[in-house]
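So you can see what is in the structure, the chains are spelled out below.
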Amino acid sequence: NAGVTQTPKFQVLKTGQSMTLQCAQDMNHNSMYWYRQDPGMGLRLIYYSASEGTTDKGEVPNGYNVSRLNKREFSLRLESAAPSQTSVYFCASSESDRRGLGNTIYFGEGSWLTVV
Amino acid sequence: GIQVEQSPPDLILQEGANSTLRCNFSDSVNNLQWFHQNPWGQLINLFYIPSGTKQNGRLSATTVATERYSLLYISSSQTTDSGVYFCAVLNAGGTSYGKLTFGQGTILTVHP
């Protein structure tokens, strides 16, 4: 049981390049998330998907797009990378009802992205 | 949105000492979780505790939802407890659909 798997773990991009972070979970969870973690800022939600076929903006969505490909997979795309997007990105998943009750959240191991 | 404040921001202990970490939140919540981020960056869920008290080995947590705070207790600390401890909450109002808000974290260092 792998839990939440995200790739790549490390990536260096040049300003203006695009890339996609991949995430998959094998826990049959409905909800999936992308967070970014910056020094002194804690974790901030980028995008959220309550279920297959739905996505919702989080606290810091600008510069990102997401795709909930199926129940297992939730990808995060940077269309034109900027130095401000240098960060550690975490994918996560949880089982949740409409009000979010009972949804213990499980995280992937993180993706370290540097934009130069 | 809901505000989450953790204290202390930094904590240094000798191995074997006990500690208490605090999480204050500004509104009603129906979900509260504690996480440990180890020095390698991995985030581990410690407790799902929107109210009441839970214990897991040397760790325990208490949430007093009516007073809007939660406490994480670490007893007989070990060097492997080092890392950052995060509190995360879900506001009880609105249609938050599981979008947790994280505190800034408490950095714990345990010396041998």
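Above: the structure in question.
Here is a short report on the structure shown in this document. (Residues numbered from 1 in each chain as written. Chains lettered and ligands numbered in written order. Predicted model: local features only at pLDDT ≥ 70, side-chain atom pairs only at ≥ 80, totals over all residues. Heavy atoms only, no water.)

**A word on unusual backbone geometry**
Thought 1: In this model, T7 of chain A is joined to P8 of chain A through a cis peptide bond whose omega is -5°.
Thought 2: The residue P8 of chain A is located in the loop between β1 (4-7) and β2 (10-13) in this model.
Thought 3: You will see that N28 of chain A, though not glycine, has its phi angle at about 60°, which is positive.
Thought 4: Counting through the fold element by element, N28 of chain A comes out in the loop between β3 (19-25) and β4 (31-38).
Thought 5: Note on N28 of chain A: relative accessible area 52%, which makes it exposed.
Thought 6: Notably, R68 of chain B is not glycine yet its phi reads approximately 60°, a positive angle.
Thought 7: With respect to the element layout, R68 of chain B can be found in the loop between β7 (59-64) and β8 (69-74). (Helix = DSSP H or I, 4+ residues; strand = E, 2+ residues; numbered from the N terminus. Buried < 20%, exposed > 50% of the residue type's maximum accessible area, 1.4 Å probe, protein only.)

**Focus on the sheet that holds strand β1 (residues 4-7) of chain B**
Residue and element names in this part refer to chain B.
Thought 1: Pairing is antiparallel across the open sheet formed by five strands, whose spatial order is β1-β3-β8-β7-β6. Strand pairing shows two members of the sheet lacking a second neighbour, β1 and β6 (52-56), which therefore form its edges. Across the sheet, the mean angle separating the axes of adjacent strands is 15° when strand polarity is ignored.
Thought 2: Both β7 and β8 contribute to a ladder of six bridges, which runs antiparallel. By the bridge assignment, S60 is partnered in β8 with Y73. (Pairing = 2+ DSSP bridges. Axes fitted to C-alpha atoms, helices over the stretch in contact; angles between N-to-C directions.)

**A closer look at the nonpolar core**
Thought 1: Ranked by internal contacts, the top residues of the largest apolar core, which has 21 residues, are W34 and V89 of chain B.
Thought 2: Put simply, the parts of the chain that give this core at least two residues each are β2 (10-14), β3 (19-25), β4 (29-37), β7, β8, β9 (83-91) and β11 (106-111) of chain B.
Thought 3: V4, C23, M32 and F74 of chain A belong to the second largest nonpolar core, which has 20 residues in total. (Core = buried A, V, L, I, M, F, W, Y, C linked by side-chain atoms within 4.5 Å.)

**A word on the packing of aromatic side chains**
Two numbers describe a pair of aromatic rings. These are the distance of the centres and the angle of the planes.
Thought 1: Enumeration according to the criterion identifies 11 aromatic pairs over all chains in this entry.
Thought 2: Ring centres 5.9 Å apart and planes at 65° place the aromatic pair Y64 of chain A and Y89 of chain A in the edge-to-face group. A residue pair is termed long-range when its members are at least 10 positions apart, and Y64 of chain A in strand β7 (residues 64-68) and Y89 of chain A in strand β9 (residues 87-94) qualify at 25 residues.
Thought 3: Ring centres 5.6 Å apart and planes at 35° place the aromatic pair F35 of chain B and F102 of chain B in the tilted group. Of this pair, F35 of chain B sits in strand β4 while F102 of chain B sits in strand β10 (residues 101-102); the two residues are 67 residues apart in sequence, bridging distant segments of the chain. Pair check on accessibility: F35 of chain B and F102 of chain B agree, each one buried.
Thought 4: Three or more aromatic residues link up through ring pairs in this structure, and these residues are Y33, Y35, Y48, F90 and F107 of chain A together with F35, F86 and F102 of chain B.
Thought 5: Against the face of Y69 of chain B rests R22 of chain B, its NZ or CZ located 4.2 Å from the ring centre. (Phe/Tyr/Trp six-rings, centres within 6.5 Å; stacked < 30°, edge-to-face > 60°. Lys NZ or Arg CZ within 6 Å of the ring centre and 35° of its normal.)

**Some details on the sheet that holds β1 of chain A**
Residues and elements named next belong to chain A.
Thought 1: Strands sit in the order β1-β3-β8-β7 across an open sheet of four strands; the sheet is antiparallel. The sheet is open, and its two edges are formed by β1 and β7, each paired on a single side. Sheet twist, expressed as the mean angle between neighbouring strand axes with direction ignored, is 15°.
Thought 2: Alignment of β7 against strand β8 (residues 74-78), held across five bridges, turns out to be antiparallel.

Shape is all these values report; function is a separate question.
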